[in-house]
Amino acid sequence: MLLSAEGLAARRGEELIFSNLSFDLGMGEALVVTGRNGSGKSTLLRVIAGLLAPEAGRVTFSGAGVEPGARPREFCHYLGHRNAMKRELTVFENLAFWKSFQGGSGGALDIDEAAETVGLGGILHLPYGYLSAGQQRRFAIARLLVAHRPVWLLDEPTAALDADSDRMFAGLVKRHLAEGGIALAATHQPLGLEKVQELRMTGFSGVNADVWE
Amino acid sequence: MIALLVRDLKLSIRAGGGALVGVLFFLTIVAVIPFGVGPDLNLLSRIGPAIVWIGALLSSLLGLDRLFQAEREDGSLDVLLMHDTPLVLTVFVKCLAHWLATGLPLVIASPLLGLFMNMNEVAIGAVMLTLVVGSPAITFIGAVGAAVAVALPRGGLLVSILVLPLAVPVLIFGVSASYAAVEDPAPFLPPFLILMALTLFFAAIGPAAAALALRNAAD
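The paragraphs below set out a description of the structure included in this document. Residue numbers here run from 1 along each chain, matching the order of that chain's written sequence. Each chain takes a letter, starting from A, and each ligand takes a number, starting from 1, following the order in which they are written. Only residues with pLDDT of at least 70 are given local features in this predicted model, and only at 80 or more are side-chain atom pairs given and counted; all residues enter the totals for whole chains, interfaces and linings. Only hydrogens and water are set aside; all other atoms, that is, all heavy atoms of the structure, feed into the side-chain values.

A few words now on the overall build of chain A. Runs of H or I in DSSP of at least four residues are treated as helices and runs of E of at least two as strands, each being numbered from the N terminus. Regarding its fold elements, chain A presents five helices and eight strands. Of the regular secondary structure in chain A, the N- to C-terminal order runs β-β-β-α-β-β-α-α-α-β-α-β-β. Relative to the 2.2 N^0.38 estimate, which gives 17 Å for 213 residues, the radius of gyration of chain A is 17 Å and therefore close to what a compact globule would have. By its C-alpha atoms, chain A is 55 × 35 × 30 Å across when sized along the principal axes. When checking whether two residues touch, look at their non-hydrogen atoms; a contact exists if any pair is within 4.5 Å. Taking all contacts inside chain A whose residues are at least 6 apart in sequence as the whole, residues at least 24 apart take part in 73%. Between the two quantities, the radius of gyration covers C-alpha atoms and the globule rule is 2.2 Å times the number of residues to the power 0.38.

Now the structure itself:
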């Protein structure tokens, strides 16, 4: 499996956020995207997730069992700033919905196991809106576990997490990588990973005539 | 897809869901008409089908703006957009759930409101039948408006304004089929068949247009 980006550029409104950005990530590799606020970390992840159209360049995902021409977004989990959970439904209903909707075969945990893994086994019956911000985030992480995707796109994944949960999450990412997954994280926290590339975003790259064609 | 349908139905009946609000609004609109028009029973029964239809149209517009906005606010829309099932199908299922939760209760409430308007049994039956056939079209049209206005913080009124002109043909043929059932010379079937055609047309066009709008509304 290989996730590669070639010459990516993205624009928000009139501003070109980054341009000519390329990387290759193979099995078990991670990319940590760092940079100050507004430097385009989230934009990069959203471009890779297929939620924003790149201004130039392209993202491809290839490997065994991947049909040529398949969209990379189908192989990605995206954990954004917002948790993608309904406050009115119980945690179990939320996770059961995403498990069933996202489908995916081997390697997925069932809902109880996923809740145990994020350390919140006993409170699946509570409405999601009753939980604290940290607990909500941990269940949002559990969503990544109930359906298998080889690529994890993590945008500030450890926001609102305490130190223990930080370590728990680092462990999860390590396990995902050990199983041959790929992770991209925009984060300020050291995730304690080996074999990790770092991409430092420098912020507004100004108007670049080459990509405006 | 069944999971999405079940989830949306659950959400609509939980706290903050829109299922009951639409019916209450429908009830309010139709219930105040006799007070405004006066106790002229003949007049009431003559305008009855039109009033019930207008009430149903306005009530079904009420919760439409939240169709995708609620998903966007909590980040679910991103995950729905990324998934490999065709987005058109996802939108279609969401429309179906929305109609089951808000449109169907209006249809069920309409006979009661028909009594308020002094309509006879045939007219009540005709209005109910035309509403069953015609109200899904309003939801499918509304989905396009909701998708276009998904990123706007107060898109509710805009959705109604975008949707109403397109929903006018549905209203025209719904009401004319209802009248045709009671008034003898006019045939019932032609307007009713056109109403069906409108629903099928918008069931095909609406989700496709809404999916296109959602893809391009990403930020």
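Before going further, it helps to spend a moment on a negative patch on the surface. By definition, no residue in a patch forms a salt bridge, and every one has over 30% relative accessible area; like charges are joined within 9 Å, nonpolar side chains (Val, Leu, Ile, Met, Phe, Trp, Tyr) within 5 Å. Note on areas: Shrake-Rupley with a 1.4 Å probe; residue coverage comes only from the protein chains shown. Here, a salt bridge means any side-chain nitrogen of Lys or Arg that lies within 4 Å of a carboxyl oxygen of Asp or Glu. Positive charges come from Lys and Arg, negative ones from Asp and Glu, while His and the chain ends are left out of the count. Working definition for charges: the position is that of NZ of Lys, CZ of Arg, CG of Asp or CD of Glu. A contiguous patch of negative charge, built from Asp110, Asp112, Glu113 and Glu116 of chain A, is present on the exposed surface. Note that aspartate 112 of chain A resides in helix H3 (residues 111–117).

This part takes up empty space enclosed by the protein. Gaps left between atoms are located by rolling a probe of water-molecule size over the structure's atoms. Cavities and pockets are found on a 1 Å grid laid over the protein atoms alone: a cavity is a set of points where a 1.4 Å probe fits but cannot escape, a pocket is an open set with protein on both sides within 12 Å along at least five of seven lines, and a lining residue has an atom within 4 Å of such a point. Grid points are joined across faces, edges and corners, and a volume is the space filled by probe spheres set on the points. In total, this model carries two cavities of 30 Å³ or more according to the counting rule given. One number sums up the size of the second largest cavity: a volume of about 70 Å³. At the level of elements, strand E5 (76–79) of chain A together with helix H5 (76–82) of chain B are the ones that each hand at least two residues to the lining of the second largest cavity. The dominant element in the lining of the second largest cavity, judged by the number of residues it contributes, is E5 of chain A, at three residues.

Right, let's get into the packing of aromatic side chains. Any pair of Phe, Tyr and Trp rings, taking the six-membered ring for Trp, is counted once the centres come within 6.5 Å. Such a pair is stacked with planes under 30 degrees apart, edge-to-face with planes over 60 apart, and tilted for the rest. Across all of its chains, the model carries seven aromatic pairs over all chains by this definition. Aromatic side chains phenylalanine 97 of chain A and tryptophan 98 of chain A sit 4.7 Å apart centroid to centroid with 55° between the ring planes, which places their arrangement in the tilted category. We note that phenylalanine 97 of chain A, like tryptophan 98 of chain A, is buried. Each ring, one from tryptophan 98 of chain A and one from phenylalanine 101 of chain A, has its centre 6.1 Å from the other, and the planes form 80°; the classification is edge-to-face. One end of the pair, tryptophan 98 of chain A, and the other, phenylalanine 101 of chain A, are both in helix H2 (residues 91–102), three residues apart, so they sit about a helical turn from each other. In this scheme, the term charge over a ring applies when either NZ of a lysine or CZ of an arginine sits within 6 Å of the ring centre and within 35 degrees of the ring normal. Positioned above the aromatic ring of tryptophan 98 of chain A, the side-chain terminus of arginine 143 of chain A is 5.8 Å from the ring centre. Residue placement shows arginine 7 of chain B over the ring face of phenylalanine 97 of chain A; its charged tip is 4.3 Å from the ring centre. For the exposure calls, accessible area comes from a 1.4 Å probe over protein chains only, and a residue counts as buried if that area is under 20% of its type's maximum, exposed if over 50%, partly exposed in between.

Moving on, we get to helix H4 (residues 66–73) of chain B. It helps to recall that an α-helix has 3.6 residues per turn; residues three or four apart then point in one direction. Residues and elements named next belong to chain B. Three or more residues of H4 are buried, namely Leu67, Phe68, Gln69, Glu71 and Arg72. Close packing links the buried residues of H4 with helix H1 (2–13), H5, helix H6 (87–116), helix H7 (121–148) and helix H9 (189–216). Looking one or two residues past H4, glycine 75 carries a phi angle of roughly 90°, positive in sign.

Residues and elements named next belong to chain A. As summarised here, the arrangement of the five strands in space is E5-E6-E7-E3-E8, forming an open sheet in which the pairing is parallel. The open sheet has two free edges, formed respectively by E5 and strand E8 (196–200), since each of these has just one partner strand. Within the sheet, the average angular offset between the axes of one strand and its neighbour, ignoring direction, is 15°. Bridge count between strand E3 (residues 30–34) and strand E7 (residues 182–186): four bridges; the pairing is parallel. Residue pairing across strands places valine 33 opposite alanine 186, the latter belonging to E7. The pairing criterion is simple: DSSP has to find at least two bridges between the two strands. Between the N-to-C directions of two axes lies an angle of 0 to 180 degrees, each axis being a line fitted to C-alpha atoms and, for a helix, fitted only over the stretch in contact.

A word on the interface of chain B and chain A. In this complex, chain B contributes 27 residues to the contact, which on the side of chain A involves 26 residues. Buried area is calculated as the accessible area (1.4 Å probe) missing from two parts once they are joined, with the contributions of both summed. Summing the contributions of chain B and of chain A, the shared interface buries around 2,400 Å²; its carbon and sulfur component is 60%. The salt bridge partner of lysine 10 of chain B is glutamate 93 of chain A, with a shortest N-O separation of 3.2 Å. Any pair of N or O atoms that falls within 3.5 Å is considered a polar contact. Within protein, one atom must be able to donate a hydrogen and the other to accept it, and sequence-neighbouring residues count only if both atoms are side-chain atoms. Scanning the region where chain B abuts chain A turns up 10 residue pairs in polar contact (both at pLDDT 80 or more). Those elements giving two or more residues to the side of chain B that touches chain A turn out to be H1, H4 and H5 of chain B. No other element matches H5 of chain B, which puts six residues into the side of chain B that touches chain A. The class makeup of the residues in the side of chain B that touches chain A is 11 nonpolar, five polar and 11 charged. For this scheme, ten residues count as nonpolar: Ala, Val, Leu, Ile, Met, Phe, Trp, Tyr, Cys and Pro. Four count as charged, namely Asp, Glu, Lys and Arg, and the remainder, Gly too, count as polar.

All names here are of chain A. With antiparallel pairing, the three strands of this open sheet are ordered in space as E2-E1-E4. Here the strands that pair on one side only, and so sit at the sheet edges, are strand E2 (15–26) and strand E4 (56–62). Direction aside, neighbouring strands of the sheet carry axes that sit 15° apart on average. In terms of strand pairing, strand E1 (residues 2–12) meets E2 through eight bridges, oriented antiparallel. Bridge pairing in E2 places arginine 12 opposite glutamate 15. Of the strands in this sheet, E1, E2 and E4 touch helix H1 (residues 41–48), which is tilted by about 125° from E1.

All names here are of chain A. The residue asparagine 20 is not glycine, and still its phi comes out positive at about 50°. Following the sequence through the fold, asparagine 20 ends up in strand E2. One non-glycine residue with positive phi stands out, namely alanine 84, at about 60°. With respect to the helices and strands, alanine 84 occurs in the loop between E5 and H2.

We define a nonpolar core as any set of buried Ala, Val, Leu, Ile, Met, Phe, Trp, Tyr and Cys residues linked to one another through side-chain atoms lying within 4.5 Å. Membership of the largest hydrophobic core comes to 87 residues, with the highest contact counts inside it found for Leu3 and Leu184 of chain A. In terms of residue count, H7 of chain B provides more of this core than any other element does, 12 residues in total. Sequence-distant contacts of leucine 3 of chain A, that is, excluding residues within four places in its chain, are made with Phe23, Asp24, Leu25, Ile48, Val59, Thr60, Phe61, Val151, Ile182 and Leu184 of chain A. Counting 44 residues, the second largest nonpolar core, distinct from the first, contains Met85 and Val173 of chain A together with Leu5 and Val79 of chain B.

This part covers the pairing of E7 of chain A. All names here are of chain A. Most of E7 sits inside the fold, with five of its five residues counted as buried. Here strand E6 (residues 151–155) pairs with E7 via five bridges, running parallel. Of the residues in E7, the one forming a bridge with tryptophan 152 is alanine 183. By convention, a crossover is right-handed whenever its connection, traced from the first strand over the helix to the second and viewed with the strands pointing away, goes clockwise. Handedness of the crossover joining E6 and E7 through helix H5 (residues 163–178) is recorded here as right-handed.

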